[in-house]
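Architecture and fold: a report
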Amino acid sequence: INGDLISGKLSGNFNLSAIGKLEIPSRIYDRHGIEIGQIKIEDRRPIELENVPYHFIQALTAVEDSRFFQHDGIDYIGIIRAAILNFKAQRVTQGASTITQQLAKQCYPELKKKRNLDTKIIEAFLAQRLEKNFTKPEILEHYLNRIFFGSGYFGIESAARGYFGKSAGQLDVIESATLCGLIKSPSRLSPRSNPKGSRKARDHVLRRMHAEDMISDSELTEFLKTPITLTDSKGQQNSYVQEMIRLQVIDQIGFESAGGGGFKIY
């Protein structure tokens, strides 16, 4: 393991200000303030953690990181458990990345490009650095606004609106479990393209919530019988007016700024 590489990366290349930097679509409004379109690279609508239901946090931690509120960025118990299960299966069936480690990987593309022992160790040290500089609620908020949920939706608010036609604050337990079930493989498990796989992943989340005493026996039985109900998928309609505005704005400030700068265009 290259110790100089790790210490150099942690001290230099990984500026923690990147945690709060998000690409936010610019939105086009008519003269009455009604949104009529977007210019976007990623479909994202950041929200504050206080607007996320508690049962969503329960579903997330149950399936992704059950010791999130206890560890310092690295779940040593989870690592040992995953190693034992992988040894028994003679293949990699379990991961042990914490929510904080996942956030670190999402924020720094260089950690995703090449996955090896060095990058895993850098990711772990960086997670501990994040834990020292951010509170647990801040880490959760950054994570939920950044994570990909499939079908082009980035962040919990865009996913809630895209799949269920409602704000994240209105999500029920079943919808929360559905979204949390997508995180491991969002493109493959999207309920729009793979309803069977999505339901299986949702049911796994519900069983994890039951195992963590977050839902009762009767609730688990009832929830497992409930189908996933999505809002109608409506493709974005690019009107002539919207398209002309889009082209003018891109010409003036460039696509990167227009698509990720979060401008309000009237």
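Before reading on, note that the structure itself is shown above.
In this text, all values refer to a predicted model and were calculated from it rather than measured experimentally. (Residues numbered from 1 in each chain as written. Predicted model: local features only at pLDDT ≥ 70, side-chain atom pairs only at ≥ 80, totals over all residues. Heavy atoms only, no water.)

Observations concerning the overall build of the protein chain
The line we're drawing: Working definition: helices are DSSP H or I runs of at least four residues, strands are E runs of at least two. Numbering for both runs from the N terminus. When accessible area is computed with a 1.4 Å probe and restricted to protein chains, residues below 20% of their type maximum are described as buried, those above 50% as exposed, and intermediate ones as partly exposed. Contacts are residue-level and defined by heavy atoms, with any inter-residue pair within 4.5 Å sufficient.
Helix and strand counts for the protein chain stand at 14 helices and five strands. For the protein chain, buried positions account for 44% of its 266 residues. Relative to all contacts within the protein chain whose residues are 6 or more apart in sequence, the contacts with residues 24 or more apart total 65%.

Quick word on the side chain of S176
Take S176: it is sitting in helix α9 (residues 173–182). Non-local contacts of S176, meaning those with residues more than four positions away in its chain, are made with H55, F56, A59 and L171.

Structural notes on the packing of aromatic side chains
Formally: To pair, rings of Phe, Tyr and Trp, with the six-membered ring standing in for Trp, must have centres within 6.5 Å; the planes then decide the type, stacked if under 30 degrees apart, edge-to-face if over 60, and tilted in the middle. For a Lys NZ or an Arg CZ to count as sitting over a ring, it must be within 6 Å of the ring centre and within 35 degrees of the ring normal.
Here the structure, examined in full by the defined rule, presents five aromatic pairs. Summarising the aromatic geometry, the rings of Y153 and Y163 are spaced 5.0 Å apart at their centres and angled 80° between planes, so their arrangement reads as edge-to-face. Note that Y153 is positioned in strand β4 (residues 153–154) and Y163 in helix α8 (residues 156–164), a separation of 10 residues in sequence. Like Y153, the residue Y163 is buried in the burial classification. Relative to F164, the ring of Y163 has its centre 6.3 Å away and its plane inclined at 55°; by these criteria the two rings are tilted. Taken together, Y153, Y163 and F164 form an aromatic cluster joined through their ring pairs. Looking at K136, its charged tip hangs above the ring of F68, at a distance of 4.4 Å from the centre.

Some remarks on the environment of T221
Looking at where T221 falls in the secondary structure, it is placed in helix α12 (residues 217–225). Judged by its relative accessible area of 46%, T221 falls in the partly exposed class.

So, a nonpolar patch on the surface
How we decide: For patches, a residue must show more than 30% relative accessible area and have no salt bridge; joins then use 9 Å for like charges and 5 Å for nonpolar side chains, namely Val, Leu, Ile, Met, Phe, Trp and Tyr. Computed with a 1.4 Å probe, the accessible areas rest on the Shrake-Rupley method; for each residue, only the protein chains presented here act as cover. Salt-bridge detection follows one rule: a side-chain nitrogen of Lys or Arg within 4 Å of a carboxyl oxygen of Asp or Glu.
A cluster of nonpolar side chains, namely I34, I36, Y240, V241, M244 and L247, defines an oily patch on the protein surface of about 590 Å² accessible area. The biggest single contributor to the nonpolar patch is helix α13 (residues 240–253), with four residues. Looking at the element boundaries, I34 is found in the loop between β1 (26–29) and β2 (35–39).

Notes on the packing of helix α2 (residues 54–64) against helix α11 (residues 195–211)
Put simply, the rule is: A fitted line through C-alpha atoms represents every axis, and for helices the fit uses only the stretch in contact; the resulting angles, taken between N-to-C directions, go from 0 to 180 degrees. Should an angle lie under 35 degrees it is considered roughly parallel, over 145 roughly antiparallel, and from 65 to 115 roughly perpendicular; all remaining angles are considered oblique. Three residue categories are used. Nonpolar comprises Ala, Val, Leu, Ile, Met, Phe, Trp, Tyr, Cys and Pro, charged comprises Asp, Glu, Lys and Arg, and polar comprises the others, including Gly.
The geometry of α2 relative to α11 is characterised by a closest axis approach of 8 Å and an angle of 95° between their N-to-C directions. It follows from the interaxial angle that α2 and α11 lie roughly perpendicular. Residues H55, Q58, A59, A62 and V63 of α2 form the contact with α11, whose own contacting residues are H204, V205, R208 and M209. By residue class, the composition of the contact of α2 with α11 is five nonpolar, three polar and one charged.

Observations regarding the pattern of salt bridges
Within this structure, the stated rule accounts for 14 salt bridges. Taking the shortest distance from any N to any O, the salt bridge between E35 and R45 comes out at 3.6 Å. Of this pair, E35 sits in strand β2 while R45 sits in the loop between β3 (43–44) and α2, and the two are 10 residues apart along the sequence. A salt bridge links R44 to E42; the nearest nitrogen and oxygen atoms lie 2.1 Å apart. Classification of R44 as buried rests on a relative accessible area of 3%. Judged by relative accessible area, E42 falls into the buried class, the value being 17%. Ionic contacts of the salt-bridge type, sharing partners, join the residues R27, E35 and R45 into one network.

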